[in-house]
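Residue-level structural notes
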Amino acid sequence: QKEVEQNSGPLSVPEGAIASLNCTYSDRGSQSFFWYRQYSGKSPELIMFIYSNGDKEDGRFTAQLNKASQYVSLLIRDSQPSDSATYLCAVRPGGYNKLIFGAGTRLAVHP
Amino acid sequence: KAGVTQTPRYLIKTRGQQVTLSCSPISGHRSVSWYQQTPGQGLQFLFEYFSETQRNKGNFPGRFSGRQFSNSRSEMNVSTLELGDSALYLCASSLGTGVTDTQYFGPGTRLTVL
């Protein structure tokens, strides 16, 4: 079992729709959770971080964390073609300042 | 505030050579982490430095090493390059090592080993 799992996609959504990206992790001691966006040929860009159970909203983005289910998700409302990118879920294991990344989900928003 | 900078941006080396990559963190950030990104393995953690000390190390051979200077700038070195070392090497900095400290990535150094 991989430490951090994501569907590779591609996830295709129409412009204006809600895109839902999911991530599961195996280490119950994980403390904080991050979503990065990576455009082709570029480096990862931080979108959201969350470390408490529940929802965290920032503009069109909402991160959701359920530690009991070991599940993190990212919702993108009013998806735009410019949101088309690979979304990387990253988990910080307990006691370590390092990130374990999932393989990423490729999102395609079509007009 | 300037972001994380990495030099050089592109490198071409041949097998058996060694290479040194440099990273300057965001001003005030004291923790620097290095990652390797390849199409097959994705983003993998190499090592992390804080206050000139390596605090965490990923599952990479000893050919991969690094260091951090007193001004928090960091370098990583790969000796005896192999074809499989071709990758995007990313440096990330964070303010500290707390649970809520977020890592910000530099643009990366793309290394090609021929």
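Let me begin by describing the structure that accompanies this report. A quick note: this is a predicted structure, and the numbers were derived from the prediction, not measured.

**Side note on the overall build of chain A**
Of regular secondary structure, chain A possesses zero helices and 11 strands. For chain A, the α and β elements follow one another from N to C terminus as β-β-β-β-β-β-β-β-β-β-β. Against the compact-globule benchmark of 13 Å for 111 residues, chain A has a radius of gyration of 13 Å, which places it among compact chains. The 111 residues of chain A split such that 44% are buried. In chain A, the share of contacts with a sequence separation of at least 24, taken over all contacts with a separation of at least 6, comes to 55%. Of the accessible surface of chain A, which amounts to about 5,200 Å², a share of 46% is contributed by carbon and sulfur atoms. Put simply, chain A has 11 plus and 10 minus side-chain charges, and the middle of one group is 6 Å from the middle of the other.

**Thoughts on the overall build of chain B**
Counting its secondary structure elements, chain B contains zero helices and 11 strands. Reading the helices (α) and strands (β) of chain B from amino to carboxyl end gives β-β-β-β-β-β-β-β-β-β-β. Dimensions of chain B, computed from C-alpha atoms along their principal axes, come out at roughly 40 × 25 × 25 Å. Residues classed as buried in chain B amount to 51% of the 114 residues present. Taking all contacts inside chain B whose residues are at least 6 apart in sequence as the whole, residues at least 24 apart take part in 54%. Each charge class in chain B was averaged separately, 11 positive and 6 negative side chains, and the resulting centres sit 5 Å apart.

**Points about the packing of aromatic side chains**
On inspection of all chains with the given rule, the structure shows 12 aromatic pairs over all chains. Ring pairing ties together the aromatic residues Phe34(A), Tyr36(A), Phe49(A), Tyr51(A), Phe101(A), Tyr35(B), Phe45(B) and Phe105(B), which thus form one cluster. When the ring centre of Phe61(A) is taken as origin, the NZ or CZ atom of Arg60(A), which lies over that ring, is 5.4 Å away.

**Some points on the sheet that holds strand S8 (residues 74–78) of chain B**
All names here are of chain B. Read from one edge to the other, the open sheet built from four strands follows the order S1-S3-S8-S7, with strand pairing classed as antiparallel. Of all the strands in the sheet, the pair left with one neighbour each is strand S1 (5–7) and strand S7 (64–68). Looking at each pair of strands side by side, their axes are set apart by 20° on average, direction ignored. Pairing analysis gives five bridges linking S7 to S8, with the strands arranged antiparallel. Across the sheet, residue Phe64 finds its bridge partner in S8, namely Val78.

**Structural notes on the environment of Gln68(B)**
Residue and element names in this part refer to chain B. In this fold, Gln68 is placed in strand S7. We classify Gln68 as buried; its relative accessible area is 6%. A polar side-chain atom of Gln68 sits 3.3 Å from the main-chain amide nitrogen of Ser51. A polar contact of 2.9 Å, which involves the side chain of Gln68, links it to the backbone nitrogen of Glu52.

**Side note on unusual backbone geometry**
Residue Pro10(A) follows Gly9(A) across a cis peptide bond; omega there is 10°. Take Pro10(A): it is sitting in the loop between strand S1 (4–5) and strand S2 (11–14). The residue after Thr7(B), namely Pro8(B), is reached through a cis peptide bond having omega -10°. Topologically, Pro8(B) is positioned in the loop between S1 and strand S2 (10–13). With a phi close to 50°, Asp78(A) is a non-glycine residue in the positive phi region. With respect to the helices and strands, Asp78(A) occurs in the loop between strand S8 (71–76) and strand S9 (85–92).

**Comments concerning the environment of Ser93(B)**
Residues and elements named next belong to chain B. Its place among the elements puts Ser93 in strand S9 (residues 87–94). Take Ser93: its relative accessible area is 0%, and that puts it in the buried class. On a C-alpha basis, the gap between Ser93 and Ser65 in space is 17 Å, while along the polypeptide they are 28 residues apart. Discounting residues that sit within four places of it in the chain, Ser93 has contacts with Val4, Pro25, Ile26, His29, Ser31, Val32, Thr102, Gln103 and Tyr104. At 2.8 Å, the side chain of Ser93 forms a polar contact with the side chain of His29.

About the thresholds
- Residues numbered from 1 in each chain as written.
- Chains lettered and ligands numbered in written order.
- Predicted model: local features only at pLDDT ≥ 70, side-chain atom pairs only at ≥ 80, totals over all residues.
- Heavy atoms only, no water.
- Helix = DSSP H or I, 4+ residues; strand = E, 2+ residues; numbered from the N terminus.
- Rg over C-alpha atoms; globule rule 2.2 N^0.38 Å.
- Buried < 20%, exposed > 50% of the residue type's maximum accessible area, 1.4 Å probe, protein only.
- Contact = heavy atoms within 4.5 Å.
- Areas by Shrake-Rupley, 256 points an atom, 1.4 Å probe, with all protein chains shown as cover.
- Lys, Arg positive; Asp, Glu negative; His and termini not counted.
- Charge placed at Lys NZ, Arg CZ, Asp CG, Glu CD.
- Phe/Tyr/Trp six-rings, centres within 6.5 Å; stacked < 30°, edge-to-face > 60°.
- Lys NZ or Arg CZ within 6 Å of the ring centre and 35° of its normal.
- Pairing = 2+ DSSP bridges.
- Axes fitted to C-alpha atoms, helices over the stretch in contact; angles between N-to-C directions.
- Polar contact = N/O pair within 3.5 Å; in protein donor to acceptor, adjacent residues only side chain to side chain.

Coordinates in, geometry out; function isn't part of it.
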